[in-house]
Amino acid sequence: MPRLVIYVLIILHVAPGIAFTLLAFGCNPYVPSLGGFCGQGLLLPFMQITLIATLALAGVFALFERLRTR
């Protein structure tokens, strides 16, 4: 159970950081790497990327936990 709490805290801390980094460096005003995704404002893409990163990190942690307990 303590390992699960640590994993959840890591995911909740890292996922918004990933979203912020992608938006900060992917939405360059001259040549946006994320394309039209940057034109939606800032809050909606931030929430979408945070959700995607949270699900991806949770999947990775679940996979590692499953492989570790074999």
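Notes on the structure in this doc start here.

## With respect to the overall build of the chain
Alright, step 1. A count of helical and extended segments in the chain gives 2 helices and 0 strands.
Alright, step 2. With the principal axes as the frame, the chain shows a C-alpha extent of 50 × 20 × 15 Å.
Alright, step 3. Within the chain, buried positions represent 19% of all 70 residues.
Alright, step 4. A separation of at least 24 residues holds for 60% of the contacts in the chain among residues at least 6 apart in sequence.

## A short note on the environment of Ala58
Alright, step 1. By the element assignment, Ala58 lies in helix α2 (residues 43-68).
Alright, step 2. Judged by its relative accessible area of 34%, Ala58 falls in the partly exposed class.
Alright, step 3. In this structure the C-alpha to C-alpha distance between Ala58 and Met1, which are 57 residues apart in sequence, comes to 15 Å.

## Quick word on the packing of aromatic side chains
Alright, step 1. Counted according to the given criterion, the structure contains 1 aromatic pair.
Alright, step 2. Between the aromatic rings of Tyr7 and Phe61, the centroid separation amounts to 4.6 Å while the plane-to-plane angle is 20°, which identifies the pairing as stacked. In this pair, Tyr7 sits in helix α1 (residues 2-26) while Phe61 sits in helix α2, placing the two residues 54 residues apart along the sequence. Each member of the pair, Tyr7 together with Phe61, is buried.

## Section: the nonpolar core
Side chains of nonpolar character tend, in soluble globular proteins, to be buried together.
Alright, step 1. Counting residues in each nonpolar core, the largest one holds 6 residues, listed as Tyr7, Ile11, Ala15, Ala53, Leu57 and Phe61.
Alright, step 2. Of all elements in the fold, only α1 and α2 reach the threshold of two or more residues within this core.
Alright, step 3. Beyond its immediate chain neighbours, meaning those up to four positions away, Tyr7 contacts Phe61 and Glu65.

## Structural notes on the packing of α1 against α2
Alright, step 1. It is at 8 Å that the axes of α1 and α2 come closest, and there the two elements cross at 140°. Relative to α2, the element α1 lies oblique. Judged by the twist between their axes, the crossing of α1 over α2 is right-handed. Taken together, the residues of α2 that come into contact with α1 (itself represented by Arg3, Tyr7, Ile10, Ile11, Val14, Ala15, Pro16, Ile18, Ala19, Phe20, Leu22 and Leu23) are Pro45, Phe46, Ile49, Thr50, Ala53, Thr54, Leu57, Ala58, Phe61, Glu65 and Arg68.
Alright, step 2. When grouped by side-chain class, the residues that make up the contact of α1 with α2 number 18 nonpolar, 2 polar and 3 charged.

What counts, and where the lines are drawn
- Residues numbered from 1 in each chain as written.
- Predicted model: local features only at pLDDT ≥ 70, side-chain atom pairs only at ≥ 80, totals over all residues.
- Heavy atoms only, no water.
- Helix = DSSP H or I, 4+ residues; strand = E, 2+ residues; numbered from the N terminus.
- Buried < 20%, exposed > 50% of the residue type's maximum accessible area, 1.4 Å probe, protein only.
- Contact = heavy atoms within 4.5 Å.
- Phe/Tyr/Trp six-rings, centres within 6.5 Å; stacked < 30°, edge-to-face > 60°.
- Core = buried A, V, L, I, M, F, W, Y, C linked by side-chain atoms within 4.5 Å.
- Axes fitted to C-alpha atoms, helices over the stretch in contact; angles between N-to-C directions.
- Parallel < 35°, antiparallel > 145°, perpendicular 65-115°, else oblique.
- Left-handed = near helix turned anticlockwise from the far one by under 90°.
- Nonpolar A, V, L, I, M, F, W, Y, C, P; charged D, E, K, R; others polar.

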